[in-house]
Amino acid sequence: MAAIEMKNIVKQYGDGFPAVNDVSIDVEDGEFLILVGPSGCGKSTLLRMIVGLEDITDGDMVIGGKKVNDLAPRERNLSMVFQNYALYPHLTVYENIAFPLRLAGKSDSEVDEKVREASKTLELDEHLERKPGNLSGGQRQRVAMGRAIVRDAEAFLFDEPLSNLDAKLRGQMRTEISRLQKRLGITTVYVTHDQTEAMTLGDRVAVLKRGVLQQHATPRELYENP
Ligand code: ADP
Ligand code: ADP
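Residues numbered from 1 in each chain as written. Chains lettered and ligands numbered in written order. Predicted model: local features only at pLDDT ≥ 70, side-chain atom pairs only at ≥ 80, totals over all residues. Heavy atoms only, no water.

Focus on the pattern of salt bridges
Counted under the stated rule, the structure contains 13 salt bridges. Put simply, Lys-7 and Glu-5 hold a salt bridge, and the shortest N to O gap is 3.7 Å. The shortest N-O distance in the salt bridge between Arg-220 and Glu-224 comes to 3.2 Å. Of this pair, Arg-220 and Glu-224 both sit in helix 7 (residues 219-224), separated by four residues, roughly a single helical turn. Connected through shared salt-bridge partners, Lys-11, Arg-48 and Glu-54 make up one network. (Salt bridge = Lys/Arg side-chain N within 4 Å of Asp/Glu carboxyl O. Helix = DSSP H or I, 4+ residues; strand = E, 2+ residues; numbered from the N terminus.)

Some thoughts on the nonpolar core
The biggest cluster of nonpolar side chains holds 38 residues, and the ones touching the most others in it are Ile-34, Val-115, Phe-156 and Tyr-190. Elements supplying a minimum of two residues to this core: strand 3 (32-36), helix 2 (93-103), helix 3 (108-121), helix 4 (137-150), strand 7 (155-159), helix 5 (167-184), helix 6 (195-201) and strand 9 (204-209). The dominant element in this core, judged by the number of residues it contributes, is helix 4, at six residues. The residues contacting Tyr-190, other than those within four sequence positions of it, are Phe-32, Leu-33, Ile-34, Leu-35, Phe-158, Pro-161, Leu-162, Ile-177, Glu-197 and Leu-201. If you look at the next biggest cluster of nonpolar residues, it comprises 27 residues, including Val-23, Ile-56, Ile-63 and Val-68. (Core = buried A, V, L, I, M, F, W, Y, C linked by side-chain atoms within 4.5 Å. Buried < 20%, exposed > 50% of the residue type's maximum accessible area, 1.4 Å probe, protein only. Contact = heavy atoms within 4.5 Å.)

As for the site of ligand 1
Taken together, Tyr-13, Ala-19, Pro-38, Ser-39, Gly-40, Cys-41, Gly-42, Lys-43, Ser-44, Thr-45 and Arg-48 are the residues near ligand 1. A distance of 3.0 Å separates an oxygen atom of ligand 1 from a polar atom in the backbone of Gly-42. Interatomic distance of 2.6 Å between a side-chain N/O atom of Ser-44 and an oxygen atom of ligand 1. For ligand 1, whose free accessible area comes to 560 Å², the fraction covered by protein is 57%. (Near = heavy atom within 4 Å. Polar contact = N/O pair within 3.5 Å; in protein donor to acceptor, adjacent residues only side chain to side chain. Areas by Shrake-Rupley, 256 points an atom, 1.4 Å probe, with all protein chains shown as cover.)

Here's the deal with the confidence of the model for the protein
Confidence in the prediction for the protein averages 91 pLDDT; 98% of positions are at 70 or higher. For this predicted complex, the interface score ipTM comes out at 0.68, alongside a pTM of 0.82. (pLDDT = per-residue confidence, 0-100.)

What to know about the pairing of strand 9
In terms of strand pairing, strand 3 meets strand 9 through four bridges, oriented parallel. When the bridges of strand 9 are listed, Val-36 appears paired with Val-207. In this sheet, strand 10 (residues 212-217) lies alongside strand 9 in antiparallel orientation, the contact comprising five bridges. Paired with Lys-209 across the two strands is Val-212, which belongs to strand 10. Hairpin remark: strand 9 followed by strand 10, antiparallel, with two residues in the connecting loop; positive phi at Arg-210, about 45°. (Pairing = 2+ DSSP bridges.)

Regarding the sheet that holds strand 9
Pairing between sheet strands relies on hydrogen bonds along the backbone, with the strands arranged either parallel or antiparallel. An order of 6-7-8-3-9-10 is seen for the six strands of this open sheet, with the pairing classed as mixed. Only two strands of the sheet have a single partner each, and these edge strands are strand 6 (78-80) and strand 10. Within this sheet the neighbouring strands show an average axis-to-axis angle of 20°, counted without direction. The pairing of strand 3 with strand 8 (residues 187-192) spans five bridges and is parallel. Along strand 8, the bridge assignment pairs Leu-33 with Val-189. Across the face of the sheet, helix 4 comes into contact with strand 6 and strand 7 while running at roughly 145° to strand 7. (Axes fitted to C-alpha atoms, helices over the stretch in contact; angles between N-to-C directions.)

Looking at helix 5
Residues spaced three or four apart along an α-helix point in a common direction, a consequence of the helix completing one turn every 3.6 residues. Given a rise of 1.5 Å per residue, 18 residues ought to cover 26 Å, and the 26 Å separating the end C-alpha atoms of helix 5 matches this to within 8%. Each element contacted by the buried residues of helix 5 is listed here: strand 3, helix 3, helix 4, strand 7, strand 8 and helix 6. Two residues or fewer after helix 5 comes Gly-185, characterised by a positive phi angle close to 65°. (Expected span 1.5 Å × (residues − 1).)

Written as structure tokens, this is what we have:
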């Protein structure tokens, strides 16, 4: 069973041509899917419909076998992974990772167990008492992923997470995200307009143009048959 099934998804704003036009994509369990295409092709709109931040005009969104069209973001158990700005600067790494568990009212011992497990996986266990301002970009990204992991989210969603970084850091982060995604085996949907990211990060790439799915294939297939 696919982790995320998009069936004939349409998004119409007003009466122009649809921002997303009859898109069907299955994201397999543990797969890293890239959504790529030029600015305005509908990738953010599609991602926001997956997360539940945008209403679906037509079609079905199925997550974990359940139709979620009318479910609020919090009922979908997905995790949008934001870059730096979603971390709380005044909280330690530990408390940043613990945040969703505190919100959910978990006991101190359960919080502690989950935070320690996640921080070990993410190699943050030596930085738990630091504040985000004193961390490298890569470490901050890992804290953001830590917050997603402790919630046992069904999937990670990224919206151009590297677009504001310089080329060197972008390269490092690409490697880091790819490595962690493989280690965690968590289903991931990643939006970018960057061809290099699209061709190096994903298991499969979905190419959008003016809201229409043009290609859906592995990077190798796209390379051999552009
Ligand atoms: P991308 O993420 O690929 O840059 P978007 O999904 O942001 O593309 O936008 C796709 C199309 O939908 C664009 O033409 C954009 O102007 C339009 N659009 C996006 N959001 C809205 C909105 N809230 N209201 C009206 N049109 C929108
Ligand atoms: P991105 O391409 O990164 O999604 P945009 O600058 O296109 O960013 O959009 C920023 C915000 O403006 C989004 O919330 C989007 O929904 C909204 N938006 C984009 N295009 C339009 C539009 N034509 N009319 C109204 N809102 C829009």
